[in-house]
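# Structural description and commentary
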Amino acid sequence: MPAVSYLLNVAYLALLALAWPWLAYKAIRHGKYREGFAAKFLGEVPLRQGDRPCMWLHAVSVGEVNLLSTLLTEIARRRPSWECVISTTTMTGYALARKKYAAHIVFYCPLDFSWAVRRAMRRIRPDCLLLAELELWPNLIRAAREHRARVAVVNGRLSQRSHRGYRRVRPLAARLLRQLDLIAVQNEEYAERFLDLGASPGAVRITGSMKFDGAQTDRRNPATLRLRQLAGIGEGDVVFLAGSTQEPEEALALAAYRRLLAEHPRLRLVLVPRHPERFDAVARLLDEAGIDWQRRSRLTDRGPTSDGHLAADDGPEVRPASNRKSKSENPKATAPVLLVDAIGELGAWWGAAQIAFVGGSLSSRGGQNMIEPAAYGAAVSFGPNTRNFRDVVAMLLAARAAVVVHDGDELTDFVRRALTARDFAEGLGERARRLVASQLGATSRTFELLAPLIEDSATLARAAA
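Bear in mind the structure is a predicted one, so any value in this text is a computation, not a measurement. (Residues numbered from 1 in each chain as written. Predicted model: local features only at pLDDT ≥ 70, side-chain atom pairs only at ≥ 80, totals over all residues. Heavy atoms only, no water.)

### Description of the layout of surface pockets
Of the voids in this model, the second largest pocket is the one considered here, and its volume is about 540 Å³. Counting only elements with at least two residues in the lining of the second largest pocket, the list comes to helix 11 (222–231), helix 17 (408–420) and helix 18 (422–438). Per element, the largest residue contribution to the lining of the second largest pocket is 6 residues, and it comes from helix 18. Residue composition of the lining of the second largest pocket, by class: 10 nonpolar, 5 polar and 10 charged. (1 Å grid on protein atoms, 1.4 Å probe; cavity = no way out; pocket = protein on both sides within 12 Å on 5 of 7 lines; lining within 4 Å. Points joined across faces, edges and corners; volume = space filled by probe spheres on them. Helix = DSSP H or I, 4+ residues; strand = E, 2+ residues; numbered from the N terminus. Nonpolar A, V, L, I, M, F, W, Y, C, P; charged D, E, K, R; others polar.)

Right, here's the structure in full:
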């Protein structure tokens, strides 16, 4: 075992020991980290059969899992003989990948212990390891290279903060980056940062962001229409949706809604918390507000049950947050406030919204994906903390296609203006829609760079066999 791998194993074990109390608490309290033990620690991933060219796509969590959709579609269209397997790290990412990509092998990615990643490589036998956005694990990359697989980063981004961190260990970062055959990045700024850290100039290519390609633009798509019908959203209703929210963003959105409801009785509020473990906390917030509200998990195509309740949906996307009694246990089909306690539906819900607030931006999270509501032509707002989407935010603001709000009062003012000034809201939405349309094509450009890598690797593998 190389000395570097040995030292990394020791460091990982030490960090795991230090973090164990916190991990145990999360496992007991929220059910996290319980699944996939054999895959994560032993590399006991599914055994791939056959010898078709294989691409292993790794996506950390929900955002990266969704990102892969357009690339998988492009591969299926242009190289149907390829086999694609998908790994993820988080429980929510795994659940979404199993649902979204049921035709593919899906598994938990092994942790970066040398024995685990090597065993996983032997079982999967990929021709190419593809890392979504930026997941640079030294032992995983080394194991891929040892098995003659090419390694690529797609939709690559490197924030200023991450760049500063890697700069502190630049010799190690450069050594790691030079093992990558392709670093397909979203823009020139990210390309310069990778090059500054020592990446091979020939490996760094600017493709744009695949997130634009994955954005739905048609509000009349079947998924959105179904959800509108389930929630009883009428043609005259105006939907204010706060999505991917964290504390205290739900409370701020609720306060804005309550302040404006008397003036705008057709206003509807949809809350979509980012993390499932917060569904119950937001439900308590709504109960305490004393308003008429309902849970997404109580909506069903079958309508109310015989006792007047709305039965839980049979669809796999729904995760009921609690069985406790609340004011939402016997809701009206058209309750004006909806808590979406489901995973994987936010993209379709954005299509129902005329006014949007993208969460994780008034907290320390760093923002969430604002491309989806922009693509639908919603009047988009978000807070000032959007470091994770700095480039997208810069484009939206430069195009006058979104508004930054700094607190609850500004959020209320934004929603009020969107409700009362039609030209303001429609102008924001139209400019946002045009911006998204101008950025399309990154998936195709990425595929063109990946195809030679996997085909060359597969040819070499067959020759070696």
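### Overview of unusual backbone geometry
Residue Pro248 is reached from Glu247 by a cis peptide bond, and omega for that bond is 5 degrees. Looking at the element boundaries, Pro248 is found in the loop between strand 8 (238–245) and helix 12 (249–261). For Arg148, which is not glycine, the phi torsion reads 60 degrees and is therefore positive. Non-glycine residue Asn155 carries a positive phi angle of around 55 degrees.

### Notes on the sheet that holds strand 4 (residues 128–132)
The strand order across the open sheet built from 7 strands is 3-2-1-4-5-6-7, with neighbouring strands paired in parallel fashion. Each end of this open sheet is capped by a strand with a single partner; those strands are strand 3 (105–108) and strand 7 (204–206). Ignoring which end each strand starts from, the neighbouring axes of this sheet average 20 degrees apart. In the packing of helix 3 (residues 62–78) onto the sheet, contacts are made with strand 1 (54–59), strand 2 (83–88), strand 4 and strand 5 (150–156), and the angle to strand 1 comes to roughly 160 degrees. (Pairing = 2+ DSSP bridges. Axes fitted to C-alpha atoms, helices over the stretch in contact; angles between N-to-C directions. Contact = heavy atoms within 4.5 Å.)

### Remarks on helix 8 (residues 170–177)
Every buried residue of helix 8 is listed here: Ala173, Ala174, Leu176 and Leu177. What you see down the axis of helix 8 is that its buried residues fit within an arc of 165 degrees, all on one side. Residues Pro171, Leu172 and Arg175 are exposed on helix 8 and point more than 90 degrees away from its buried face. Each element contacted by the buried residues of helix 8 is listed here: helix 6 (138–146), helix 7 (160–167), strand 6 (182–185) and helix 9 (188–196). (Buried < 20%, exposed > 50% of the residue type's maximum accessible area, 1.4 Å probe, protein only. Arc of directions from axis to C-beta.)

### Observations regarding the pairing of strand 9 (residues 267–273)
Of all the 7 residues making up strand 9, 7 are buried; the element is thus mostly covered by neighbouring parts of the structure. Of the two faces of strand 9, the one holding Leu267, Leu269, Leu271 and Pro273 and the one holding Arg268, Val270 and Val272 are both buried throughout. In this sheet, strand 9 lies alongside strand 8 in parallel orientation, the contact comprising 7 bridges. Residue pairing across strands places Gly243 opposite Val272, the latter belonging to strand 9. Remark: the strand 8/helix 12/strand 9 crossover connection has right-handed handedness. Examined bridge by bridge, strand 9 and strand 11 (residues 337–339) share 3 bridges and lie parallel to one another. (Right-handed = clockwise from strand over helix to strand, strands pointing away.)

### Some remarks on the environment of Lys40
By the secondary structure assignment, Lys40 is in helix 2 (residues 37–42). Classification of Lys40 as buried rests on a relative accessible area of 11%. As a C-alpha pair, Lys40 and Ala120 span 80 residues in sequence and 9.5 Å in three-dimensional space. Reaching out from Lys40, the side chain makes a polar contact with the backbone oxygen of Glu35 at a distance of 3.4 Å. (Polar contact = N/O pair within 3.5 Å; in protein donor to acceptor, adjacent residues only side chain to side chain.)

### Side note on the pairing of strand 1
Along any regular strand the residues' side chains alternate between the sheet's two faces. Buried residues dominate strand 1, accounting for 6 of its 6 residues. Burial along strand 1 is two-sided: Cys54, Trp56 and His58 facing one way and Met55, Leu57 and Ala59 facing the other are all buried. As paired strands, strand 1 and strand 2 are joined by 6 bridges and run parallel to one another. Across the sheet, the residue bridging to Trp56 is Val85, located in strand 2. Traced from strand 1 through helix 3 to strand 2, the parallel crossover comes out right-handed.

### Looking at the sheet that holds strand 13 (residues 379–382)
If you walk across this open sheet you meet the 7 strands as 10-11-9-8-12-13-14, and the pairing is parallel. The sheet is open, and its two edges are formed by strand 10 (293–295) and strand 14 (403–404), each paired on a single side. Across the sheet, helix 12 lies against strand 8, strand 9, strand 11 and strand 12 (355–358), angled at about 175 degrees from strand 9, the strand it touches most. Each of strand 8, strand 9, strand 12, strand 13 and strand 14 touches helix 17; the most contacted strand, strand 12, lies at about 155 degrees to it.

### Here's the deal with the side chain of Asp112
Within the secondary structure, Asp112 sits in the loop between strand 3 and helix 5 (114–124). One buried charged residue, Asp112, remains without a salt bridge, the closest side chain of opposite sign being Arg142 at 8.6 Å. Polar side-chain contacts of Asp112 include one of 2.6 Å to the side chain of Tyr12. Setting aside residues no more than four positions away along its own chain, Asp112 makes contact with Asn9, Tyr12, Val117, Trp137, Pro138, Asn139 and Leu140. (Lys, Arg positive; Asp, Glu negative; His and termini not counted. Salt bridge = Lys/Arg side-chain N within 4 Å of Asp/Glu carboxyl O.)

### Structural notes on the nonpolar core
Burial of nonpolar side chains together is a common tendency in soluble globular proteins. By size, the foremost hydrophobic cluster in this structure holds 68 residues, and its most contacted members are Met55, Trp56, Leu68, Leu136, Ile183 and Phe194. Apart from residues no more than four positions distant in its own chain, Ile183 is found in contact with Val153, Leu177, Phe194, Ala199, Ala203, Val204 and Arg205. One finds Leu227, Ile233, Ala356 and Val392 within the second-largest nonpolar core, a separate group that totals 39 residues. (Core = buried A, V, L, I, M, F, W, Y, C linked by side-chain atoms within 4.5 Å.)

### What to know about the confidence of the model for the protein
Residue-level pLDDT values for the protein average 89, and 90% of them are 70 or greater. Predicted confidence for residues 302–332 stays below pLDDT 50, and this span has 74 contacts to residues more than four positions away or in other chains. (pLDDT = per-residue confidence, 0-100.)

### Side note on the packing of aromatic side chains
Taken as a whole, this structure holds 9 aromatic pairs when the rule is applied. Ring geometry for Phe113 and Trp115: centres 4.9 Å apart, planes at 10 degrees, overall stacked. Residue class for Trp115 comes out partly exposed when judged on its relative accessible area of 39%. An angle of 75 degrees between the planes, with centres 6.1 Å apart, marks the rings of Phe414 and Phe424 as edge-to-face. Linking Phe414 in helix 17 with Phe424 in helix 18, this pair joins segments that are 10 residues apart in sequence. The pair Phe414 / Phe424 is uniform in exposure class, with both members buried. Put simply, the rings of Tyr12, Phe37, Phe41, Phe113, Trp115 and Trp137 touch in pairs and so form one group of aromatic residues. (Phe/Tyr/Trp six-rings, centres within 6.5 Å; stacked < 30°, edge-to-face > 60°.)

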